[in-house]
Every structure is written in C-alpha cells, then in structure tokens.
Amino acid sequence: LFVKYGCLACHASERGTAPKMGPTLAGLFGTSRRIADRAAPVVADEAYLRQSITDPSAMIADGYARAGVGMPSFQGVLTDPQIEAVILFVKSLK
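Quick word on the overall build of the protein
Then comes step 1: Along the backbone of the protein there are three helices and two strands.
Then comes step 2: For the protein, the N- to C-terminal ordering of α and β elements is α-β-β-α-α.
Then comes step 3: Whereas a compact globule of 94 residues would reach a radius of gyration of roughly 12 Å, the protein reaches 12 Å, a difference of no more than 12%.
Then comes step 4: With respect to the principal axes defined by its C-alpha atoms, the protein has extents near 35 × 30 × 25 Å.
Then comes step 5: Looking at the protein as a whole, 32% of its 94 residues qualify as buried.
Then comes step 6: Contacts in the protein between residues at least 24 apart in sequence constitute 48% of all its contacts with a sequence separation of at least 6.
Then comes step 7: Taken as a whole, the protein presents about 5700 Å² of accessible surface, with 57% of it coming from carbon and sulfur.

Re the nonpolar core
Then comes step 1: Judged by nonpolar contacts, the single largest core of 17 residues is most densely connected at Leu28, Tyr48, Leu49, Ile53, Leu78 and Val90.
Then comes step 2: The greatest single-element share of this core, amounting to five residues, is contributed by helix α3 (residues 80-92).
Then comes step 3: Among residues more than four places away in sequence, those in contact with Leu49 are Leu28, Phe29, Ile87 and Val90.

Notes on the pattern of salt bridges
Then comes step 1: Under the defined criterion, the tally for this structure stands at three salt bridges.
Then comes step 2: Ionic pairing is found between Glu46 and Lys91, a salt bridge with its closest N-O pair at 2.7 Å. Of this pair, Glu46 sits in helix α2 (residues 46-54) while Lys91 sits in helix α3, and the two are 45 residues apart along the sequence.
Then comes step 3: Overall, the relative accessible area of 36% leaves Glu46 in the partly exposed class.
Then comes step 4: Relative accessible area serves as the criterion here: at 28%, Lys91 is assigned to the partly exposed category.
Then comes step 5: The partner of Glu84 in a salt bridge is Arg50, with the nearest N and O atoms 2.1 Å apart. Taken as a pair, Glu84 in helix α3 and Arg50 in helix α2 lie far apart in primary sequence, 34 residues in all.
Then comes step 6: Look at Glu84 and you get partly exposed, because its relative accessible area is 36%.
Then comes step 7: Take Arg50: its relative accessible area is 27%, and that puts it in the partly exposed class.

Conventions used here
- Residues numbered from 1 in each chain as written.
- Predicted model: local features only at pLDDT ≥ 70, side-chain atom pairs only at ≥ 80, totals over all residues.
- Heavy atoms only, no water.
- Helix = DSSP H or I, 4+ residues; strand = E, 2+ residues; numbered from the N terminus.
- Rg over C-alpha atoms; globule rule 2.2 N^0.38 Å.
- Buried < 20%, exposed > 50% of the residue type's maximum accessible area, 1.4 Å probe, protein only.
- Contact = heavy atoms within 4.5 Å.
- Areas by Shrake-Rupley, 256 points an atom, 1.4 Å probe, with all protein chains shown as cover.
- Core = buried A, V, L, I, M, F, W, Y, C linked by side-chain atoms within 4.5 Å.
- Salt bridge = Lys/Arg side-chain N within 4 Å of Asp/Glu carboxyl O.

In structure tokens form, the structure reads like this:
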C-alpha cells in the first residue's frame, strides 16, 4: 500500500535518513507539530494524520510549504480501511 501510493517516495520511515520532500514519518505520531500558517502547534494524532492524507494543504508542516509542489490529496483514492492502515503504519514508526 505504501509503495503503491508513493508515501515513502517523499517521506522517510526511519530516523536519521536523509531528508526528503515531506516530513519524516518516524516518531511523528503523538508529537507536537509546528504548522506553517498557525501560531500554536498541533498534535500529530489520528485526526491530524487523516486530514493530512485527505486534505494535505489544510495543515502544512512548518518548513514544507513549497509553491506549486505539495502532497496530493488521497481523498477518494484510498478507502477508509486503507487510510486506517496508513495511520497504523505511521503509529508503528517509533
């Protein structure tokens, strides 16, 4: 699933891996995230991950806003069970 939809093309799944286009997923879940256009950080919980998958432009991680380049929406591409699988995968990356 993660290879098919390209998650790991833009997001590293291990700490210490060379930076990619998107934020590293390792250790992401449950952390405080700075968002590009907000003063207060948000917690990377299930709701944050789901929104990041279905509406990635809603909360862009600080340092990853790039004009004309960004994560595509997977709304209507991934089923709810597939989105849950991605969330579980991210949660497993300690």
